[in-house]
Amino acid sequence: MEGHAEERLCGKWRVTCGLYSYNLRDVFTWRLLKTILMGQLLSLLICGTAVSCQYLANAGVETPMLQSFLNYALLLLVYTTILITRKGDRNILQILKTKWWKYLVMGLADVEANYAVVKAYQFTTLTSIQLLDCFVIPVLMVLSWFFLKTRYRLVHFVAVTVCLLGVGAMVGADILAGRDQGSTRDVVLGDGLVLLSAVLYAVSNVCQEYTVKNLSRVEFLGMMGLFGTVISGLQLAVLETRAVAAIKWDVHISVWFAVYVLCMYTLYSFMPVVVKMTSATAVNLSLLTADLFSLFCGLFLFHYTFSTLYIISFVVITVGFIMFNAVPTYSALPESGSNEDDDPGDVIAERTAESSSDRLLSAGRDAETPVAVAAL
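Residues numbered from 1 in each chain as written. Predicted model: local features only at pLDDT ≥ 70, side-chain atom pairs only at ≥ 80, totals over all residues. Heavy atoms only, no water.

A.B. asks: Please clarify how the overall build of the protein should be interpreted in this entry.
C.D. replies: The helix and strand inventory of the protein stands at 17 helices and two strands. Looking at the 376 residues of the protein, the share that counts as buried comes to 48%. Sequence-distant contacts in the protein: of pairs separated by 6 or more residues, those separated by 24 or more amount to 89%. Carbon and sulfur atoms make up 67% of the accessible area of the protein, which totals about 18,600 Å². (Helix = DSSP H or I, 4+ residues; strand = E, 2+ residues; numbered from the N terminus. Buried < 20%, exposed > 50% of the residue type's maximum accessible area, 1.4 Å probe, protein only. Contact = heavy atoms within 4.5 Å. Areas by Shrake-Rupley, 256 points an atom, 1.4 Å probe, with all protein chains shown as cover.)

Here's what the structure looks like:
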């Protein structure tokens, strides 16, 4: 009797907690918790880059291309070197013969996305940047739909809306707290740069998702290091030669450069792992909390004014992120499976997640139409 009561209770939870009849044990898994924690780790790394950039800016150092160049050079030193030492079809020469132009486009999109959003701070307000930067998520979903054949459910669109509401609460808190809103020299140009960076980030992230899921994480990072170093190096020589020469190097500036580069290197190295577990869209949803972590650090380091809307924003974004990851997306594009770069533990976790996703999708197909309508 007790078992039947528990089954009925679970059935109620299925109707009230989701758009489909799912077993909650298949939704709230250890993998979901791991995804949430790893996503927030990425946000903390971005927070580290933001704080270090703020200290460098306070010291009169404004060399975004130099900072990007150092990150790509470190990727080149580590991952491109690994590709050079390989033999056979996975060697860097074979990769360049067949796919050099694809990685050139991906590297160009990534470098210019970083540059455009940093440049936007000189022309438009912080509020505009925070709001318009979210444009990357709908662009990612559209690109994923057409190129990765990802199919979203209604709950995913609801989750994205919830996350964007959280961003709105964060921006509202900034306005109420009277934070410095940056420049208003040419708002139209600045806003255009933010939108451009969002589109370029989306292109880079879709390419990243396809590469790490079908080819190799090391191949992606090695090629990003190679082409990113070349492209950012050329732009550095053209745009920032005088700015670099004007830097008055001391221990503090050197430390903050090191903090920035290490955070970016770790972010680039770790992000493909999370993308492979989830998707580029899910990762970008988790990164929406990065500004909040930076604000929390700013309360102590830069004496920002606290607002309870910051806490509300963090909770709302986290809830939306959980909603998005609780129900798996479906991709009609076949994946090649694991590769030599995969960690055995990651392969096992991925297979476990696939079996959970199969159960969820099966449950969604087997659900009766009246139940689904009631849930909606």
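From this point, the narrative continues.
A.B. asks: How should helix 4 (residues 64-85) be read in this particular structure?
C.D. replies: In an α-helix, one turn spans 3.6 residues; hence positions three or four apart end up facing the same way. Taking 1.5 Å per residue as the helical rise, helix 4 with its 22 residues ought to reach 32 Å, and the 31 Å between its terminal C-alpha atoms agrees with that figure. Most pronounced at Leu76, the bend in helix 4 amounts to some 35 degrees. What helix 4 keeps buried is the set Met65, Leu66, Gln67, Ser68, Asn71, Tyr72, Leu75, Tyr79, Thr80 and Leu83. Elements that come into contact with the buried residues of helix 4 comprise helix 3 (30-58), helix 5 (92-120), helix 10 (217-239), helix 11 (241-245) and helix 12 (251-277). (Expected span 1.5 Å × (residues − 1). Bend = angle between axes of the 7 residues up to and from the residue.)

A.B. asks: Even after reading the chapter, I still don't get the side chain of Asn91, so can you show me in this structure?
C.D. replies: Its place among the elements puts Asn91 in the loop between helix 4 and helix 5. By relative accessible area, Asn91 is classed as buried at 12%. One polar contact links the side chain of Asn91 to the main-chain amide nitrogen of Leu93, over a distance of 2.9 Å. Leave out the neighbours within four places in its chain, and Asn91 touches Leu83, Ile84 and Arg86. (Polar contact = N/O pair within 3.5 Å; in protein donor to acceptor, adjacent residues only side chain to side chain.)

A.B. asks: Explain the pattern of salt bridges here, please?
C.D. replies: Opposite charge on two side chains allows them to pair when their charged atoms are near. Applying the stated criterion to the full structure yields two salt bridges. For Lys99, the salt bridge identified is with Glu219, shortest N-O distance 2.9 Å. Linking Lys99 in helix 5 with Glu219 in helix 10, this pair joins segments that are 120 residues apart in sequence. One salt bridge connects Glu209 with Lys213, and the closest N-O pair in it is separated by 3.1 Å. One end of the pair is Glu209 and the other is Lys213, both in helix 9 (residues 187-214) and four residues apart, which spans about a single turn. With a relative accessible area of 5%, Glu209 lands in the buried category. (Salt bridge = Lys/Arg side-chain N within 4 Å of Asp/Glu carboxyl O.)

A.B. asks: What is the right way to look at the packing of aromatic side chains in this model?
C.D. replies: Enumeration over the complete set of coordinates arrives at seven aromatic pairs. When the centroid spacing of 6.0 Å and the interplanar angle of 65 degrees are considered together, the rings of Tyr152 and Phe157 count as edge-to-face. Judged by its relative accessible area of 41%, Phe157 falls in the partly exposed class. Ring pairs connect the aromatic residues Tyr152, Phe157 and Phe324, which therefore count as one cluster. When the ring centre of Trp145 is taken as reference, the NZ or CZ atom of Arg151 above it lies at 4.2 Å. (Phe/Tyr/Trp six-rings, centres within 6.5 Å; stacked < 30°, edge-to-face > 60°. Lys NZ or Arg CZ within 6 Å of the ring centre and 35° of its normal.)

A.B. asks: Help me understand the nonpolar core in this model?
C.D. replies: One broad trend across soluble globular proteins is that nonpolar side chains are buried collectively. Grouped together as the largest cluster of nonpolar side chains are 42 residues, with contacts concentrated most on Leu42, Leu75, Met223, Phe257, Tyr268 and Val283. Elements with a minimum of two residues in this core: helix 3, helix 4, helix 5, helix 10 and helix 12. No other element matches the 13 residues that helix 12 contributes to this core. Residues contacting Leu42, with those up to four places away along its chain left out, are Leu267, Phe270, Met271, Val274, Val283 and Leu287. (Core = buried A, V, L, I, M, F, W, Y, C linked by side-chain atoms within 4.5 Å.)

A.B. asks: Help me understand the packing of helix 5 against helix 10 in this model?
C.D. replies: Between two packed helices, both the angle of their axes relative to each other and the distance between the axes serve to describe the pair. At a minimum axis separation of 7 Å, helix 5 and helix 10 run at an interaxial angle of 55 degrees. As far as their axial angle goes, helix 10 and helix 5 are oblique. The crossing of helix 5 and helix 10 is right-handed. For the contact of helix 5 with helix 10, the residue count by class is 17 nonpolar, four polar and four charged. (Axes fitted to C-alpha atoms, helices over the stretch in contact; angles between N-to-C directions. Parallel < 35°, antiparallel > 145°, perpendicular 65-115°, else oblique. Left-handed = near helix turned anticlockwise from the far one by under 90°. Nonpolar A, V, L, I, M, F, W, Y, C, P; charged D, E, K, R; others polar.)

A.B. asks: Explanation requested: the confidence of the model for the protein in the structure shown.
C.D. replies: Fine structural detail should not be taken from predicted coordinates in areas where pLDDT scores are low. Averaged over every residue, the pLDDT of the protein is 78; the share at 70 or more is 76%. Within the protein, helix 17 (residues 369-375) has the poorest average pLDDT of any element, 33, and helix 10 the best, 95. Scored below 50 in pLDDT, residues 1-21 shows 21 contacts in the model against residues more than four places distant or in partner chains. Low pLDDT (under 50) marks residues 343-376, which in the prediction has 33 contacts with non-local residues, meaning those over four places away or in another chain. (pLDDT = per-residue confidence, 0-100.)

A.B. asks: Would you explain helix 5 in this entry?
C.D. replies: Taking 1.5 Å per residue, 29 residues should reach 42 Å; helix 5 reaches only 35 Å between its end C-alpha atoms and comes up short. Remark: the principal bend of helix 5, roughly 85 degrees, maps to Lys99. Looking at where helix 5 begins, the residue whose side-chain oxygen comes 2.9 Å from the main-chain nitrogen of Leu93 is Asn91.

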